[in-house]
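# Topology and contacts: notes
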Amino acid sequence: MVSAPISYPTRSQNGPRPINLRKDIPQVLALLNAAFGPTLDAEGRHTLDRMSLAQQPWIVLQLRKMMDGMVPGFVWQESGKVIGNVSVLTTSVKGRYLVANVAVHPDYRRRGIARMLMEEVIDLVEARGGRQILLQVKDDNLAAIRLYEGLHFDEIGRITSWYASHSQLRLLPMAASARSPDRVGDLFIRPLRGSEWRTAWRLDQRSIAPDLNWPEPLPENAYKKSVWRWLENLLTGRQSESWIAEEEQGKMVGLATIGSEVGRVHNLTLRVHPAWRGQVERPLLAKLLRRLNYLARRSVRMDHPDDDRIASELLKEANFVPRRTLAVMRLNV
């Protein structure tokens, strides 16, 4: 299903065309504001507001230099006005593409514009020899889900974003040993050692489908603490710490992390070996919540598979609130 090259319409023409970064950026940002602005939370609004910087001439120039000769997506033009947009991103995995957003102005919906823009994306990926297209969609956007299912996308999982303000956090009770505070039953909770980064990555791979790590599958060196990463974190104000649950024979069966960056919410992750689900979640989450008392007082976020009932109940107990759930969908081209 490879279409002929799309020519740029004149001002009087309607229809899809490749996005033109020399002229479309201001209109695309205005479209995203109209399409998504009313439904965004505070963090999403902040992100969209920062995107408006792209209208500044020097940033536009840099974008043009980076994108010349590329097709980062499509717009739908109606009488010279951009009223639809779909963005396409490459990833570190050869042949794997992401659809970053599908936006149609509210005044032009239910005309099949989103479907036709997505068909252009599929044609583009096929023409480039791509093998997969992935996207995220809110789980309550049933019309969009039906659209993607009609284009033969399959759902591979759902991720819920949980939030809590620092003042609302409630510590989880944990039956630790009086003589060894990090001993919980048959488990020992301790920091991840530098030499264990490969083991941590393998556990992460077993705990969650790689494509649910959005936007990229977790790189093998994600838990590696190198001098270069330490220097990068120093320059960017980032910091992270990882804790593991170790069973009596010394096997790593759970992994939890806190990621922090200046001016941003703290991000938590939780990974549990499938054979140890139901036994590891409480002590690891309890450890993270206690560690937050030693960090800057900021809100906390955790993105986690929606079908993990155990973690969901623990997060509710700790006063987290689910903000949104995204279905991750994939098309094998």
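Notes on the structure follow. Fair warning: this is a prediction, and the values are worked out from it, not measured in the lab. (Residues numbered from 1 in each chain as written. Predicted model: local features only at pLDDT ≥ 70, side-chain atom pairs only at ≥ 80, totals over all residues. Heavy atoms only, no water.)

### A short note on the environment of Lys287
Heads up, the rule is: Put simply, DSSP H or I for four residues or longer makes a helix, DSSP E for two residues or longer makes a strand, and each gets a number counted from the N terminus. Accessibility here uses a 1.4 Å probe with only protein chains present; expressed as a share of the type maximum, an area under 20% marks a residue as buried, one over 50% as exposed, and anything in between as partly exposed. Throughout, a residue-residue contact means that at least one pair of heavy atoms, one from each residue, lies within 4.5 Å.
Along the polypeptide, Lys287 turns up in helix α8 (residues 281-291). Lys287 gets classed as buried once you look at its relative accessible area, which sits at 14%. When the C-alpha positions of Lys287 and Ile189 are compared, they lie 8.0 Å apart, and in sequence the two are 98 residues distant. Those residues within four positions of Lys287 in sequence are excluded, and the remaining contacts are Asp182, Ile189 and Trp243.

### A few points about unusual backbone geometry
Of note, the bond from Trp214 into Pro215 is cis; its omega dihedral lies within 30 degrees of zero at 5 degrees. Mapped onto the elements of the fold, Pro215 is located in the loop between α6 (197-207) and α7 (227-236). Phi at Ser79 takes a positive value of approximately 50 degrees, unusual for a residue other than glycine. Tracing the backbone through its elements, the reader meets Ser79 in the loop between β2 (73-78) and β3 (81-90).

### Looking at the environment of Ala164
Among the secondary structure elements, Ala164 is positioned in strand β6 (residues 154-164). The class for Ala164 is buried, based on a relative accessible area of 3%. Distance from Ala164 to Arg323, taken between C-alpha atoms, is 9.9 Å for residues 159 residues apart in sequence. Once you skip the residues sitting within four places of it in the chain, Ala164 turns out to touch Leu169, Ser299, Val300, Asn319 and Phe320.

### Some words on the packing of aromatic side chains
Spelled out, the test is: Whether two aromatic rings pair depends on their centres lying within 6.5 Å, for rings of Phe, Tyr and Trp, where Trp uses its six-membered ring; planes under 30 degrees apart make the pair stacked, over 60 edge-to-face, and the rest tilted. A ring is considered to have a charge above it if a Lys NZ or an Arg CZ atom is located within 6 Å of its centre and within 35 degrees of its normal.
The final tally for this structure, using the stated rule, is 1 aromatic pair. The side chain of Lys287 reaches across the aromatic face of Trp243, ending 4.6 Å from its centre. Cation over ring: Arg323 sits above Tyr163, and NZ or CZ is 4.3 Å from the ring centre.

### Overview of the side chain of Glu78
Worth spelling out the cut-off: Here a polar contact means two N or O atoms within 3.5 Å. Within protein one must be a hydrogen donor candidate and the other an acceptor candidate, and residues neighboring in sequence count only if both atoms are side-chain atoms.
Examined against the element boundaries, Glu78 turns out to sit in strand β2. Given the relative accessible area of 12%, Glu78 is considered buried. A distance of 3.0 Å separates the side chain of Glu78 from the side chain of Trp76, its partner in a polar contact. The contacts of Glu78, once residues within four sequence positions are left out, are Asn14, Ile83, Tyr108 and Arg111.

### Considering the pairing of β2
Consecutive side chains of a regular strand alternate in pointing toward one face of the sheet and then the other. Stated formally: Here, any two strands with at least 2 DSSP bridges between them count as paired.
Within β2, 6 of the 6 residues are buried, which leaves it mostly tucked inside the rest of the structure. Judged by which residues are buried, β2 turns out to be covered on both faces: Gly73, Val75 and Gln77 on one side and Phe74, Trp76 and Glu78 on the other are all buried. Pairing of β2 with β3 involves 6 bridges; the strand directions are antiparallel. Considered in β3, the bridge of Phe74 is made with Val86.

### Description of α6
What counts is decided by this rule: The arc in question is the one traced by the directions running from the helix axis out to the C-beta atoms.
All buried positions along α6 are accounted for by Trp197, Ala200, Trp201, Leu203, Asp204 and Ser207. All buried residues of α6 lie within an arc of 160 degrees about the axis, which places them on one face of the element. The secondary structure elements touched by the buried residues of α6 are β10 (252-261) and β11 (266-272).

### Brief notes about the side chain of Ser161
Here Ser161 is to be found in strand β6. With residues up to four places along the chain from it excluded, the contact list for Ser161 reads Arg301, Met302, Asp303, Val321, Pro322, Arg323 and Arg324.

### Examining the pattern of salt bridges
Going by this rule: Take a side-chain nitrogen of Lys or Arg and a carboxyl oxygen of Asp or Glu: if they are within 4 Å of each other, that pair is a salt bridge.
Applying the stated criterion to the full structure yields 21 salt bridges. Its salt-bridge partner being Arg309, residue Asp306 comes within 3.8 Å of it at the nearest N-O pair. Several salt bridges share partner residues, and in doing so they unite Arg96, Asp211, Glu216 and Arg330 into one network.

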